[in-house]
Amino acid sequence: MAEKKEIEIFASCDFASLGLHPALCDQLRDRMGFEAPTLVQAQAIPLILSGRHVLVNAATGTGKTVTYLAPVIHQLQNYPHRIQRSHGTFALVIVPTHELCMQVYENLHKLLHRFHWIVPGYIMGGENRSKEKARLRKGISILIATPGRLLDHLKHTSSFVYKNLRWIIFDEADRILELGFGKEIEEILDILGSRTQMSESKDAEFVRQNLLLSATLNEKVNHLANISLDNPVMIGLDDTKIQPSNMQVTLLDKAIETLENSGKVSTPSNAEYKLPAQLNQRYVKVPCGSRLVVLLSVLKNLFTREPSQKIVVFFSTCDAVDFHHALISQFHGLSKLQSDIETRELFVKCNILRLHGNMKHEDRVKTFNAFKTEKSALLLSTDVSARGLDFPKVRCIIQYDSPGEATEYVHRVGRTARLGEKGESLLFLQPIEADYLEELKKHGVMLTEYPLMKLLDGFPLKQQRMKKFVSIEMHPWVLDLQKSLESFISSEGKIKKVAQKAFCSWVRAYSAHRGELKSIFMVKKLHLGHVAKSFALKEQPSLVGRSVQKKHTEKRKRTHKVKEGLKKKRKMVNYEEGD
Ligand SMILES: Nc1ncnc2c1ncn2[C@@H]1O[C@H](COP(=O)(O)OP(=O)(O)OP(=O)(O)O)[C@@H](O)[C@H]1O
């Protein structure tokens, strides 16, 4: 079954047959190592080359980046007169995060090797503005940008030439909007005169063409698509219905048919998301107070079984990432807990990295590059890593904190099982959150249960106990490890402070779930004492929890008044994306 799916990732044609210039096809083969286009590339590239506005909805890791970069490069190198830096920007790619910005730039840089007169560049929050200004003044032909910084330059950098702009591409369009950048995007489109208008130039070379791409297109994208795409073609066909042999004709016909009728984009709220077929998706139901112990046990098991592998764990807040990073980097376990009594090895032996929006830009870049090149590492991250990032050979994705919207689930797990490779994912849920599985089911996402008891029973115990263990909380391994975690934290003042801070922001983030998810993730159903335990804190909720809850209630009232739910979540969770 998995093998059959792997074959269906690629089309049975070559890049040249899609209409791309031979030199570009050579680049794709020689520098990128791409022998054949993926199915989505084979579908979309001819359409993009035809000049149509296109909306691409294809599974994670199916090669969407090249889908839009290759046709743009093809067209630019094909201009009768070579483009020059003084002509300014011809193509603009808007992305939600710094990391995605760098990644797209890297791909672009490689693809442009033979076309030195087409200049790639990027602008994003965290970078030096004056250096960016200087680069813009010299001229950047294809520019990758995050929305906040782009708008800043559009308003304040007079030497930024964009009168020749022909393409605006939104990569991970829905995420840009979810982060609350809808207004900025509208302003950008207004400044660029691209609200479904043609550019003023009559020259065919400069007719505006906009593209929108994501693995998940939800209703948020409808508005953006409707204001930015002119009579678009939508690509988002069910992979299983694709017949690779006669694909070029059938796919093109079918794709054009899809939207030709109205030119209006409308994505259903219960759309089925496409996930890599070879991805093994599981969930584990864990009582709140045992969450930390189970996370460490799962990680220990994974790295013991296979010391050389890459795993990503997703958390809801920057503080939670910091806490777990500090803990896992320093916690040795209590020797009396383990059979190897004298050992002072770390409890989870691995190279551990962290990534979130509150880190310094340079540190983010360092982590991003390190996790890309490492053969074995554990990355703890917020959703800043969920979108578009292409870390090679990630074996497992753990969602320790729920992703919220099903779209986020899809993007997080999409960091593994890319381009037909194997991968597995594990979603942590508390018993009170079990309805989330139904929510995922609505989008065609089905998970099987992880055998937690079997895992726990596999660890050595302090003393041989014959009793059959019935509950997770009362399992001696869980009790012993929880105890040692709590004494570790109470003896480490610095980490304890981080734990308390993480506890507070975790509760706030938990209450920020929106819409239908509010009835699944209910703060009032949480036992704050158990939440504290999941941060290895001995303190009762009266010491830490109540004040937090009170503050939280007041804050919610204020937030309701100003109706800034989206931006609030961004701040609370401390994402620094899109700037
Ligand atoms: N034709 C191809 N042949 C081989 N590898 C390819 C091909 N096209 C893309 N790739 C590789 O596949 C991986 C995934 O590509 P990319 O990051 O563009 O996927 P994506 O669809 O944008 O994923 P996401 O939705 O997560 O952003 C990358 O490592 C890329 O280099």
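Attention in this report is confined to the structure presented alongside it. Just so it is clear, the structure is predicted and the values come from calculations on it, not from any experiment. (Residues numbered from 1 in each chain as written. Predicted model: local features only at pLDDT ≥ 70, side-chain atom pairs only at ≥ 80, totals over all residues. Heavy atoms only, no water.)

**Focus: the overall build of the chain**
Thinking step 1. Of the regular secondary structure elements, the chain holds 22 helices and 14 strands.
Thinking step 2. Out of the 579 residues belonging to the chain, those deemed buried represent 59%.
Thinking step 3. Within the chain, counting contacts between residues at least 6 apart in sequence, those at least 24 apart form 77% of the total.
Thinking step 4. Counting every atom, the chain has about 24600 Å² of accessible surface; 51% of that belongs to carbon and sulfur. (Helix = DSSP H or I, 4+ residues; strand = E, 2+ residues; numbered from the N terminus. Buried < 20%, exposed > 50% of the residue type's maximum accessible area, 1.4 Å probe, protein only. Contact = heavy atoms within 4.5 Å. Areas by Shrake-Rupley, 256 points an atom, 1.4 Å probe, with all protein chains shown as cover.)

**Here we look at the sheet that holds strand S8 (residues 279-285)**
Thinking step 1. The strand order across the open sheet built from seven strands is S10-S11-S9-S12-S13-S8-S14, with neighbouring strands paired in parallel fashion. Since the sheet does not close on itself, it has two edges, and those belong to strand S10 (352-355) and strand S14 (448-449), each with one partner.
Thinking step 2. Sheet topology places S10 next to strand S11 (residues 377-381); four bridges connect them, and they run parallel. By the bridge assignment, Leu-355 is partnered in S11 with Ser-381. (Pairing = 2+ DSSP bridges.)

**Points about unusual backbone geometry**
Thinking step 1. Despite not being glycine, Glu-172 has its phi angle at roughly 60°, a positive value.
Thinking step 2. Mapped onto the secondary structure, Glu-172 falls in the loop between strand S5 (167-171) and helix H8 (173-178).
Thinking step 3. A positive phi angle, near 50°, is found at Ala-417, a position not held by glycine.
Thinking step 4. Here Ala-417 shows up in the loop between helix H15 (406-413) and strand S13 (423-429).
Thinking step 5. By relative accessible area, which is 3% here, Ala-417 ends up buried.

**Thoughts on the side chain of Thr-60**
Thinking step 1. On the secondary structure map, Thr-60 appears in the loop between strand S1 (54-57) and helix H4 (64-77).
Thinking step 2. Sequence-distant contacts of Thr-60, that is, excluding residues within four places in its chain, are made with Ala-215, Pro-276, Val-410, His-411, Gly-414, Arg-415 and Arg-418.

**Describing the packing of helix H12 (residues 291-305) against helix H13 (residues 318-330)**
Thinking step 1. Between H12 and H13, the shortest axis-to-axis distance is 13 Å and the interhelical angle comes to 55°. Considering their axes alone, H12 and H13 lie oblique with respect to each other. The way H12 lies across H13 gives a crossing that is right-handed. Contact residues: H12 offers Leu-292, Leu-295, Leu-296 and Leu-299, while H13 offers His-324, Leu-327 and Ile-328.
Thinking step 2. The class makeup of the residues in the contact of H12 with H13 is six nonpolar, one polar and no charged. (Axes fitted to C-alpha atoms, helices over the stretch in contact; angles between N-to-C directions. Parallel < 35°, antiparallel > 145°, perpendicular 65-115°, else oblique. Left-handed = near helix turned anticlockwise from the far one by under 90°. Nonpolar A, V, L, I, M, F, W, Y, C, P; charged D, E, K, R; others polar.)

**Digging into the site of the ligand**
Thinking step 1. What surrounds the ligand is a group of 20 residues, the closest being Ala-36, Lys-64, Thr-65, Asp-390 and Arg-418.
Thinking step 2. Between the ligand and Ala-36 there is a distance of 2.8 Å, counted from a nitrogen atom to a backbone nitrogen or oxygen.
Thinking step 3. One nitrogen or oxygen atom from the side chain of Gln-41 is found 2.8 Å from a nitrogen atom belonging to the ligand.
Thinking step 4. Contact with the protein chains removes 88% of the 640 Å² of surface that the ligand exposes when unbound.
Thinking step 5. In terms of residue class, the shell around the ligand is made up of seven nonpolar, eight polar and five charged. (Near = heavy atom within 4 Å. Polar contact = N/O pair within 3.5 Å; in protein donor to acceptor, adjacent residues only side chain to side chain.)

**Here's the deal with the pattern of salt bridges**
Thinking step 1. Using the criterion set out here, one finds 28 salt bridges in the structure.
Thinking step 2. The salt bridge partner of Arg-114 is Asp-26, with a shortest N-O separation of 4.0 Å. Separated by 88 residues along the polypeptide, Arg-114 in the loop between helix H5 (98-111) and strand S3 (120-123) and Asp-26 in helix H2 (residues 22-30) bring together distant segments of the chain.
Thinking step 3. The class for Arg-114 is partly exposed, based on a relative accessible area of 43%.
Thinking step 4. For Asp-26, a relative accessible area of 24% puts it in the partly exposed group.
Thinking step 5. Here Arg-282 and Glu-424 are joined by a salt bridge, their closest N and O atoms 3.6 Å apart. (Salt bridge = Lys/Arg side-chain N within 4 Å of Asp/Glu carboxyl O.)

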